[in-house]
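Architecture at a glance
Residues per chain are reported as follows:
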Amino acid sequence: MSLFATVPLHFRHFGDPTKPPAVLLHGLLGASRNWQTVARELGGSFSVYALDLRNHGESPHAEEMNYPVLAEDVRAFLAGENLPPVHLLGHSMGGKTAMAVAVRWPEAVADLPVVAIAPKAYSSHHREEFAAM
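One structure accompanies this document, and this report is about it. (Residues numbered from 1 in each chain as written. Predicted model: local features only at pLDDT ≥ 70, side-chain atom pairs only at ≥ 80, totals over all residues. Heavy atoms only, no water.)

Focus: the overall build of the protein
Operational definition: To qualify as a helix, a DSSP run of H or I must reach at least 4 residues; to qualify as a strand, a run of E must reach at least 2; elements of each kind are numbered from the N terminus. Relative accessibility decides the category of a residue: with a 1.4 Å probe and only protein chains considered, values under 20% of the type maximum give buried, values over 50% give exposed, and everything between is partly exposed. Only heavy atoms matter for contacts: two residues are in contact if any of them lie within 4.5 Å across the pair. Note on areas: these come from Shrake-Rupley sampling with a 1.4 Å probe, and a residue is covered only by the protein chains present in the view.
A tally of helices and strands in the protein yields 4 helices and 6 strands. Its helices and strands taken in sequence order, the protein reads β-β-α-β-α-β-α-β-β-α from the N to the C terminus. The proportion of buried residues among the 133 residues of the protein is 38%. Within the protein, residue pairs in contact and separated by at least 24 positions form 72% of the contacts whose partners lie at least 6 positions apart. Just so you have it, the protein exposes about 7300 Å², and 56% of that area is on carbon and sulfur atoms.

Quick word on the packing of aromatic side chains
Aromatic ring pairs are defined here through the distance separating the ring centres and the angle between the ring planes. Selection criterion: The rule is short: rings of Phe, Tyr and Trp, with Trp giving its six-membered ring, pair when the centres are within 6.5 Å, and they are stacked under 30 degrees, edge-to-face over 60, tilted in between.
Overall, the coordinates contain 3 aromatic pairs when judged by the stated rule. Ring centres of Phe11 and Tyr49 lie 5.7 Å apart, and the angle between their planes is 50°; this geometry places the pair in the tilted category. With a gap of 38 residues between them, Phe11 in strand E1 (residues 11-14) and Tyr49 in strand E3 (residues 47-51) connect regions that are remote in the sequence. A residue is classified by how much of its surface remains accessible, and Phe11, at 30% relative accessible area, is partly exposed. Between Tyr49 and Phe77 the ring centres are 5.7 Å apart and the planes differ by 70°, which places this aromatic pair in the edge-to-face class. Taken together, the positions of Tyr49 in strand E3 and Phe77 in helix H2 (residues 67-80) put the pair 28 residues apart, joining distant regions of the chain. A relative accessible area of 9% places Tyr49 in the buried class. Every member of this aromatic cluster is reached through a ring pair, and the members are Phe11, Tyr49 and Phe77.

Quick word on the nonpolar core
The condition that has to hold: We define the nonpolar core as a collection of buried residues of types Ala, Val, Leu, Ile, Met, Phe, Trp, Tyr and Cys that are connected through side-chain atoms lying within 4.5 Å of one another.
Within the largest apolar cluster, 22 residues are counted, with the highest numbers of intra-cluster contacts made by Val23, Leu25, Leu51, Val74, Leu78 and Leu88. Of all the secondary structure elements, the ones that give two or more residues to this core are strand E2 (21-25), E3, H2, strand E4 (86-91) and helix H3 (93-104). Ranked by the residues each element gives to this core, the list is headed by H2, at 5 residues. Ranked by size, the runner-up nonpolar core spans 8 residues in total, among them Ala22, Leu24, Trp35 and Ala39.

This is the structure in structure tokens:
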């Protein structure tokens, strides 16, 4: 059951759909296209889904933006694609999102490689950049 209104996530698929699924989540201000080179390489062994998280890339924009809603979006994607437990890889913000998915729905995650982020609170260090945008 979803606690939040999810958005349908845009994704790019690489590899053989009969192989085990791997889902790649980009970092803040990134998009699925950031993963294309890695996804093509992994596509030899996995069915790779590179997602655009909400408010990024070609996915819809929504006012609400936090880790619980990002995780809900990813879980809705996994359910919509009817995927078995996935190899869920996340970078930075995508890593925090992946951890949120794994904590809330451990049965959906086969393993959890996380890059460039830890399960701790971080201070906002992009305030000036966001204000300028």
